[in-house]
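# Examining the three-dimensional arrangement
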Amino acid sequence: MGGGGRLDSEEGGFGRRLDEHEHGPGGHRPGEPPVRPGGLVDSAVYTRGLRYASPTTLADTYRCLQELGDAMAWIGLHRPDREQITSLAHEFRLHDLAVDDAINAHQRPKLERYGDTLFVVLRAARYVDVLEMVEFSEVHLFIGPGFVITVRHGEAPDLAAVRRRLEGEPEMLARGPQAVLYAILDQVVDGYAPVVAGLEHDIDEIETEVFGGDPNASRRIYELSREVIQFQRAARPLLGVLDALAAGSGKYGSDEELQRYLRDVTDHLTQVVERVDSFRHLLQSILAVNATLVTQQQNEEMRSLTAASYAQNEELKKVSSWAAILFAPTLIGTVYGMNFVHMPELHWRFGYLFALGLMVLVCGVLYLVFKRRGWL
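Calculation rules
- Residues numbered from 1 in each chain as written.
- Predicted model: local features only at pLDDT ≥ 70, side-chain atom pairs only at ≥ 80, totals over all residues.
- Heavy atoms only, no water.
- Pairing = 2+ DSSP bridges.
- Helix = DSSP H or I, 4+ residues; strand = E, 2+ residues; numbered from the N terminus.
- Buried < 20%, exposed > 50% of the residue type's maximum accessible area, 1.4 Å probe, protein only.
- Salt bridge = Lys/Arg side-chain N within 4 Å of Asp/Glu carboxyl O.
- Patch = residues over 30% accessible without salt bridge, like charges linked within 9 Å, V, L, I, M, F, W, Y side chains within 5 Å.
- Areas by Shrake-Rupley, 256 points an atom, 1.4 Å probe, with all protein chains shown as cover.
- Core = buried A, V, L, I, M, F, W, Y, C linked by side-chain atoms within 4.5 Å.
- Contact = heavy atoms within 4.5 Å.

### A short note on the pairing of strand β2 (residues 50-53)
Inspection of the sheet shows strand β1 (residues 40-47) paired to β2 by three bridges, in the antiparallel sense. If you follow Y46 over to β2, its bridge partner there is R51. Counting the residues between successive antiparallel strands, the hairpin from β1 to β2 contains two residues, one of them, R48, with a positive phi of roughly 55 degrees.

### Comments concerning the environment of Q178
Tracing the backbone shows Q178 in helix α7 (residues 177-211). Residue classification places Q178 among the partly exposed positions, given a relative accessible area of 21%. Counting along the chain gives 30 residues from Q178 to V148, while the straight-line C-alpha distance between them is 8.7 Å.

### Some points on the pattern of salt bridges
Taken as a whole and judged by the stated rule, the model has 13 salt bridges. One salt bridge in this structure joins R275 and E200, with 2.7 Å as the shortest N-O distance. Separated by 75 residues along the polypeptide, R275 in helix α9 (residues 256-336) and E200 in helix α7 bring together distant segments of the chain. On the accessibility criterion, R275 (34% relative accessible area) is partly exposed. Overall, the relative accessible area of 34% leaves E200 in the partly exposed class. For R220, the salt bridge is made with D202, and the minimal N-O distance between the two is 3.6 Å. Of the two residues, R220 sits in helix α8 (residues 217-249) while D202 sits in helix α7, which places them 18 residues apart along the sequence. Linked through salt bridges whose partners overlap, the residues forming this network are D42, R51, R163 and E167.

### A few points about a nonpolar patch on the surface
Together, W348, F350, Y352, L353, F354 and L356 make up a nonpolar patch on the protein surface, roughly 660 Å² of accessible area in all. Mapped onto the secondary structure, F350 falls in the loop between α9 and α10 (351-372).

### Brief notes about the nonpolar core
Ranked by size, the top nonpolar core spans 60 residues in total, and within it L185, Y192 and F231 carry the most contacts. Top element by residues in this core is α7. It accounts for 16 residues. With residues up to four places along the chain from it excluded, the contact list for F231 reads A125, F136, Y192, V195, V196, L199, V272 and V276. Counting 26 residues, the second-largest nonpolar core is a separate cluster that includes Y52, A98, V99 and F119.

Any functional reading would require information that these geometric values do not contain.
Right, dumping it as structure tokens:
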């Protein structure tokens, strides 16, 4: 961004040349200032929408604001320590409850007003293509007269891109801290679009897996349902935040252009919430269909097992029947083959024929019995 100059050394020495900010010390990539020690990512003081100074410490930022008077500071932090948050709370009179929330994170999207200061919690999301999963992060904002403090917990949203965009539109940035708030809201909501597309793609894949009989489909449906629920918890409460901002715009004299900006963000978010709600219902339907298909598959397997068991049982009946038939002659032959001296019928002339006839008779009777029962 051009213009804005720098603070001269005799004015406190807390400014840097804009060409250094644009190209970064040591050739850092433009628009992405390095994370400084202690969690301070970027700090800038703006006058009339132009970057006037880029203090390197919080103390320099405070002094610059005091000397300029009519200016706005935008302080960006990434996972700051308690000492930094305490310093900001003391300088800008931040409420203790909001400070604790900003330190601890893990908050739902919300908006709270403490006097002239707004505390806003946003949950950003990004779709990780490699892992096919949604990654969530938080950004906490303190918006007050002449200052914006952003505390980021996670990789998203890209606040450096928001800062670059606003610095390229000085007229918008000159509208004050609320312009920064609405731009960050827009960035968070725009970041939901790739997530919606990624979830939709995953659902299409799951449908293919379900009807393809993939055994891992149930697990993936469950995991994706959890991601959709988490996404709902990130996006749906944000509608309440936007409604609260719209309701207070008249009372607190918000700029008309910013109100139109806010309505546009609300429209986009409403579309996202409706899509995510439909995803949840669709996943429930897919889960029900998958359960039905699994049940049908299990029934088919049970029928196959039953048929196989029936066939084996029929074969076993045949084997058992023939075993019983063959066992009868063996039993009779064993009795008459004991060779005792005083055994009845041992020296009978018709004993041999009687034994053979008895064997044939018993085998014939057993055959007829098994045949009538369908075993043979």
